[in-house]
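# Structural overview
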Amino acid sequence: MNTKVWKVDKFVDIFESNPHIVDAANFLRENEVVALPTETVYGLGGNAESDEAVAKIFAAKGRPGDNPLIIHIADREHLNRFVKEIPLTAERLMDAFWPGPLTIIFKKKEGVLSEKATAGLGTVAVRMPDHPVALALLRACELPIAAPSANSSGKPSPTSAEHVLDDLNGKIAGVVDGGATGVGVESTVVDCTDGIPVILRPGGVTREQLAAVIGEVQVDPALMDGAERPKSPGMKYKHYAPNAPLYLVSGTSEFFQRIVEEKEREGLKVGVLTTEECEDLFDADVVLACGRRAELETVAASLYDTLRRFNQMKVDIIFSEMFPNEGVGHAIMNRLLKAAGNKIISE
Ligand code: AMP
Ligand code: MG
């Protein structure tokens, strides 16, 4: 399959009448799958009402069929088409954070969406992306669009059209290239179906921001210790992994450097994932600074690109700094721990 690339400017090509947007929307209406920029990562969009389109999403990504997709909308009115009830807490969260990196789980109206999109669950995950190109495309096709991250399942998520093409070129109808994404980690997933809202996946909207709007918010215990079965089906899978094994290092920079040198003596090409502030503390084959510790948003924004750059540099092993588990650091640590298969080396 020839994968089309529509180059758009996210400040200019933001109307549903734009020829590139119209063309991409036509593919979506014909149940083809198209990658699109959002403010978090690139999504792989398909008509959420069509089994055919949704099957193409799972096939292109190699995604396990029991991992449901997030449905993207541009208009809150559209919720009523496929959501059974909208609790007050969800209303307040939508008022505060939509459009934005917050996915809300609702009870589902039966018979509207493809069963494959929701993996047969009685609930549905929905969000309104805060990206002018994504919103224009959603308005142009007038469909609820199922869109997981536009990467091969298990790999780091894509934050540029190049990342999408690295994984999916020839497997999808096209990609709308709107440049690099902003937040860099996926949306926060919050379950609002049963009493106090529960964070199932940390992401672009922080626990602190949610609590400021709705007061009490819980975190799925499975996110803390990994012992319990996660409530979000996708959280049990290996994710975001670079090609080389990744270890998180807890300890002083001297301890970190000793580990690096040990592996180099074994003849391995060693990569270090660090930050601009700490870059000079390390001497290794490949040292990549991933944003600034003092501003964790910058770490989130370049995390997946940095993991992919280690693949290009063909390192044998990667050691990474750890980050504080608060604010957007909660999402960064969640992704890093998954990418590392929970491997931490402590001093
Ligand atoms: P991705 O599309 O790769 O960003 O992943 C979507 C995330 O949302 C996965 O972790 C899914 O398991 C989760 N998700 C989607 N739908 C539901 C749902 N109905 N209930 C709980 N989690 C969901
Ligand atoms: Mg994903």
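Residues numbered from 1 in each chain as written. Chains lettered and ligands numbered in written order. Predicted model: local features only at pLDDT ≥ 70, side-chain atom pairs only at ≥ 80, totals over all residues. Heavy atoms only, no water.

## Remarks on the sheet that holds strand β16 (residues 344-346)
- The sheet built from five strands is open, its strands ordered β14-β13-β15-β12-β16 with parallel pairing. The sheet is open, and its two edges are formed by β14 (286-289) and β16, each paired on a single side. Sheet twist, expressed as the average angle between the axes of neighbouring strands with direction ignored, equals 25°.
- With four bridges joining them, strand β13 (residues 270-274) and β14 adopt parallel strand pairing. Bridge pairing links Val272 to Val287 in β14.
- The sheet contacts of helix α11 (residues 329-339) involve β12 (246-250), β15 (317-320) and β16, and relative to β12 the element is tilted by about 125°. (Pairing = 2+ DSSP bridges. Helix = DSSP H or I, 4+ residues; strand = E, 2+ residues; numbered from the N terminus. Axes fitted to C-alpha atoms, helices over the stretch in contact; angles between N-to-C directions. Contact = heavy atoms within 4.5 Å.)

## Here's the deal with unusual backbone geometry
- The omega torsion across Trp98 and Pro99 is -10°, close enough to zero to call that bond cis.
- Mapped onto the secondary structure, Pro99 falls in the loop between α4 (88-97) and β5 (102-107).
- If you check the backbone angles, Asn31 has positive phi at about 65° while not being a glycine.
- Relative to the elements of secondary structure, Asn31 occurs in the loop between α1 (19-29) and β2 (34-36).
- Positive phi values are uncommon outside glycine, yet Glu142 reaches one of about 55°.
- As for its position among the elements, Glu142 is in the loop between α5 (132-141) and β7 (145-146).

## Some remarks on the packing of aromatic side chains
- According to the stated counting rule, one finds four aromatic pairs in the structure shown.
- Relative to Tyr304, the ring of Tyr240 has its centre 5.5 Å away and its plane inclined at 25°; by these criteria the two rings are stacked. Residue Tyr240 is found in the loop between α8 (221-225) and β12, and its partner Tyr304 is found in helix α10 (residues 296-312); the two are separated by 64 residues along the sequence. For the pair Tyr240 and Tyr304, a shared accessibility class is recorded, and that class is buried.
- For the pair Phe256 and Phe282, a centre-to-centre distance of 4.4 Å together with 50° between the ring planes defines the contact as tilted. Of the two residues, Phe256 is situated in helix α9 (residues 253-265) and Phe282 in the loop between β13 and β14; the sequence distance between them amounts to 26 residues. Side by side, Phe256 and Phe282 carry an identical accessibility label, which is buried.
- Directly above the ring of Tyr247 sits Lys343, whose terminal nitrogen or CZ lies 5.0 Å from the centroid. (Phe/Tyr/Trp six-rings, centres within 6.5 Å; stacked < 30°, edge-to-face > 60°. Buried < 20%, exposed > 50% of the residue type's maximum accessible area, 1.4 Å probe, protein only. Lys NZ or Arg CZ within 6 Å of the ring centre and 35° of its normal.)

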